[in-house]
Amino acid sequence: MSDSPRVKAAEAYVQAFRTGEGSPSRRAAEHLSPDVVLTLNRGELKGRDEVIAHISGEWPQTPVLRQGAFSFPAPDGDDLVVDGYFPALGAAVRSAKLRFSFDGDDRITKVVEQLEMAGPPEASATITLPVKAAINGALNNGTPMVVAYTGEDGTPSLSLRGSTVVYSDTQLAIWLRNAEGGLPTAIAERPGVTLLYRDSRTRTTLIVKGTAHIESDPAVRERVYELTPEVEQFHDTGRNGAALIIDVTEIRGTSPTGVVLIKP
């Protein structure tokens, strides 16, 4: 069965579909009927050129497809069917099914491509554990949080903050080494902030919006400092900095568990 022309045709197509590489795309082209039809979730492509363009090159889902595993072509009546499995990578393909039909010369005449994508997010009123894990592990992961705020001159300012942690179900905290620095000075008049987390390896993107304030309560200051990663504590062993609390209004993005939507 594995040496049959139809299996070879399906495998060449799957290899091109998974990788986008030129060599398998050229092999696949040799097995396609000139008037082949590709049925997609969103419509149809007709003709060899359009189908080859679809399975060649770099597309938004190509990095996910490359990490997938595909079954060997299995007969289903006169067709061959291939199933695809993909790791959880946020707003990406979850599973795939490819069905191949053939003519009398064993050329592919029709491909039905069915992709199951991540569903719409379910809003959470609290910061979920996967999001907490990403934020609390950002510094050690080499993906420290970026904080955006409006500076004293009214222009946007960006700052990397390795001490960012989840403080409560609806709050983040940052230990600021310099209590008189630009960020604590700015949020006294303009408290709105946005934070960005991005880890390309796991396709995790988090955009956090909130309102920030400096907290002077000694108990809160102590807890924020103690939640801060030790490497950041070493920069302020005298605890002379400031405890910044961010009341989260929204977190949107993607994580390995799916689409993220948090609205306290």
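See the structure shown above.
Our subject in this report is the structure included herewith. (Residues numbered from 1 in each chain as written. Predicted model: local features only at pLDDT ≥ 70, side-chain atom pairs only at ≥ 80, totals over all residues. Heavy atoms only, no water.)

As for the overall build of the protein chain
(1) Moving on: For the protein chain, the count of helices and strands is eight helices and 15 strands.
(2) Moving on: Each principal axis of the C-alpha atoms in the protein chain carries an extent, and together these give about 80 × 35 × 30 Å.
(3) Moving on: Within the protein chain, the proportion of its 264 residues that are buried is 45%.
(4) Moving on: In the structure as shown, the protein chain presents an accessible area of about 13,300 Å², 51% of it carried by carbon and sulfur atoms.
(5) Moving on: Put simply, the protein chain has 27 plus and 34 minus side-chain charges, and the middle of one group is 2 Å from the middle of the other. (Helix = DSSP H or I, 4+ residues; strand = E, 2+ residues; numbered from the N terminus. Buried < 20%, exposed > 50% of the residue type's maximum accessible area, 1.4 Å probe, protein only. Areas by Shrake-Rupley, 256 points an atom, 1.4 Å probe, with all protein chains shown as cover. Lys, Arg positive; Asp, Glu negative; His and termini not counted. Charge placed at Lys NZ, Arg CZ, Asp CG, Glu CD.)

A few points about the pattern of salt bridges
(1) Moving on: Counted by the stated rule, this structure contains 10 salt bridges.
(2) Moving on: Across the pair R99 and D79 runs a salt bridge, and its minimum N-O distance is 3.3 Å. Here D79 lies in strand β5 (residues 79–85) and R99 lies in strand β6 (residues 93–102), a separation of 20 residues in the sequence.
(3) Moving on: In this structure, a network of salt bridges that share partners links the residues D76, D79 and R99. (Salt bridge = Lys/Arg side-chain N within 4 Å of Asp/Glu carboxyl O.)

Considering the packing of helix α1 (residues 5–19) against helix α2 (residues 22–30)
(1) Moving on: Here α1 crosses α2 at 145°, and the two axes come no closer than 8 Å. Both α1 and α2 take part in a crossing whose hand is left-handed. Here A12, Y13, Q15, A16 and T19 of α1 lie close against α2, whose contacting residues are P24, S25, R27 and A28.
(2) Moving on: Looking at side-chain class alone, the contact of α1 with α2 contains five nonpolar, three polar and one charged residues. (Axes fitted to C-alpha atoms, helices over the stretch in contact; angles between N-to-C directions. Left-handed = near helix turned anticlockwise from the far one by under 90°. Contact = heavy atoms within 4.5 Å. Nonpolar A, V, L, I, M, F, W, Y, C, P; charged D, E, K, R; others polar.)

Observations regarding unusual backbone geometry
(1) Moving on: The backbone phi angle of R203 is positive, close to 55°, even though this residue is not glycine.
(2) Moving on: If you trace the backbone, R203 turns up in the loop between β12 (192–199) and β13 (204–215).
(3) Moving on: In this structure, R239 is a non-glycine residue whose phi angle is positive, near 55°.
(4) Moving on: Its place among the elements puts R239 in the loop between α8 (230–233) and β14 (242–255).

Some words on α2
(1) Moving on: All of the buried residues along α2 are P24, S25 and A28. Looking down the long axis of α2, one finds its buried residues gathered within 105° of arc, a one-sided arrangement. The exposed residues of α2 that point more than 90 degrees off its buried face are R26 and E30. (Arc of directions from axis to C-beta.)

Let's talk about the side chain of T205
(1) Moving on: Summarising the element assignment, T205 is placed in strand β13.
(2) Moving on: A polar contact of 2.7 Å, which involves the side chain of T205, links it to the side chain of R198.
(3) Moving on: Here T205 is in contact with L196, Y197, R198, R252, G253 and T254, once residues within four sequence places are set aside. (Polar contact = N/O pair within 3.5 Å; in protein donor to acceptor, adjacent residues only side chain to side chain.)

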